[in-house]
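# Examining the three-dimensional arrangement
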Amino acid sequence: LVAPRSVLAGLALVATAAALVAPRSVLVVQNKGGGHGELGFHLAKQMRAKGLEVTILQDECKTTAAPFSSYPELEAAGVKVVYTKLTPDLDVASLVPPHDVVLDNNAKDAPTVAPLVNAAEAWGSSQFLYVSSAGMYKGVEDTKDAGVPVESQMGMIETDPVKGDNGCRMTELYLQSRGAPLTSFRPQYIYGSHSNKRLLDFVFDRVTRGLPVPLPYHGEQLAPLTNAADVASMMVAAVGNPAAVGQVYNCGSPRVVTYRGLVRLAAEAARVEARTVLYDPRELKAPKAWPFRPLSFFVCPSKAVAELAWQPQHGIAEDLGEWYRQYLALGLDRRVMSGEELAADKEIVAAVAPEMLGAYAAVAWGP
């Protein structure tokens, strides 16, 4: 199911898809962290490899932290990095020269994205790419669906209902109202190298210490875990692609994994036994432990596969071994976990599997 193409007309910023000229330069506007924090690195690396001139307009960040500590690698390849504070009163033209394409991986509201649209309009940029979020989808909200069989669960498509008050959705609507030659991407559950939001560590923190992993409901919920390099490659495929103008694309791996499966694969990577505890969040009002949604939540990327000829090169089953090696190299298996980190786990285990509480006695954990 494909969303109807937007009719973009009336402003100088608008580029007719049929007349789209091959771009030579891309401005990547990058946030300072969060779930999308590593995308700028991968985007710049891949676009530079294709011969594009790339500038990163980077929000003020901790340059010693990932992925920003790896920016010298990009600069050595010819990528320009400009540091500033990304605010609604940003004077873009005073910081960077005109670019053919603007890619915003920062804004979550209209005031923040407005200076970029103004600059792109003044430059006559042929495309405006926006990194949105799949978090806007309403998804399965009714807990009666917690027991839906795995084989009957379907991924969300770009025309499924969204939350009207979601910041990224409101930003999309603002960009459309400005007549931007917009391509919007909605990523979900990103992992990979140079990440500064390490969701997978939650599982490894527990399996490497012999602790049970608390899973909501039956543990057969589905989620796509997508490598940041694959998310970036989808966006790169849209640069200079007339078919992408006016479109929205889900960014998620076509391969999903169950929560139980994720724990099992992580345990296999660490060569230890997988231990899980199942609990019903409706009955046990414990603090949230599992880092993902309690119910299945995954998007369908078939539109990007068809229109952008996108094919991911990574899979979570294959990548977990490398993630675990990085986990060990960072010494995370030896760190002292705080009592706060394990408080929800212990409350859940005490309620549904008290015989497993002894596992925590062997773990060094702080206050």
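Here we summarise the structure given alongside this text. Given the structure is predicted, the values throughout are model-derived calculations rather than measurements.

### Looking at the overall build of the protein chain
- Along the backbone of the protein chain there are 10 helices and 15 strands.
- Across the 367 residues of the protein chain, 54% fall into the buried class.
- Counting only contacts in the protein chain whose residues sit at least 6 apart along the sequence, the fraction spanning at least 24 positions is 86%.
- A total of about 15600 Å² of accessible surface is found on the protein chain, and carbon and sulfur atoms cover 54% of it.

### A look at the packing of aromatic side chains
- All chains considered together, the criterion is met by 11 aromatic pairs.
- Judged by centre distance (6.5 Å) and plane angle (70 degrees), the rings of Tyr 191 and Trp 323 are edge-to-face. You can see Tyr 191 sitting in strand β7 (residues 190-191) and its partner Trp 323 sitting in helix α9 (residues 316-329), a full 132 residues away along the chain.
- What makes Tyr 191 buried here is its relative accessible area of 4%.
- Ring geometry for Tyr 324 and Tyr 327: centres 6.3 Å apart, planes at 20 degrees, overall stacked.

### Structural notes on helix α6 (residues 228-238)
- Summarising burial for α6: nine of the 11 residues are buried, a large majority.
- N-cap assignment for α6: the residue whose side-chain oxygen lies 2.9 Å from the backbone N of Ala 229 is Asn 227.
- Within two residues after α6, Gly 240 carries a phi angle of roughly 75 degrees, on the positive side.

What counts and how
Residues numbered from 1 in each chain as written. Predicted model: local features only at pLDDT ≥ 70, side-chain atom pairs only at ≥ 80, totals over all residues. Heavy atoms only, no water. Helix = DSSP H or I, 4+ residues; strand = E, 2+ residues; numbered from the N terminus. Buried < 20%, exposed > 50% of the residue type's maximum accessible area, 1.4 Å probe, protein only. Contact = heavy atoms within 4.5 Å. Areas by Shrake-Rupley, 256 points an atom, 1.4 Å probe, with all protein chains shown as cover. Phe/Tyr/Trp six-rings, centres within 6.5 Å; stacked < 30°, edge-to-face > 60°. Polar contact = N/O pair within 3.5 Å; in protein donor to acceptor, adjacent residues only side chain to side chain.

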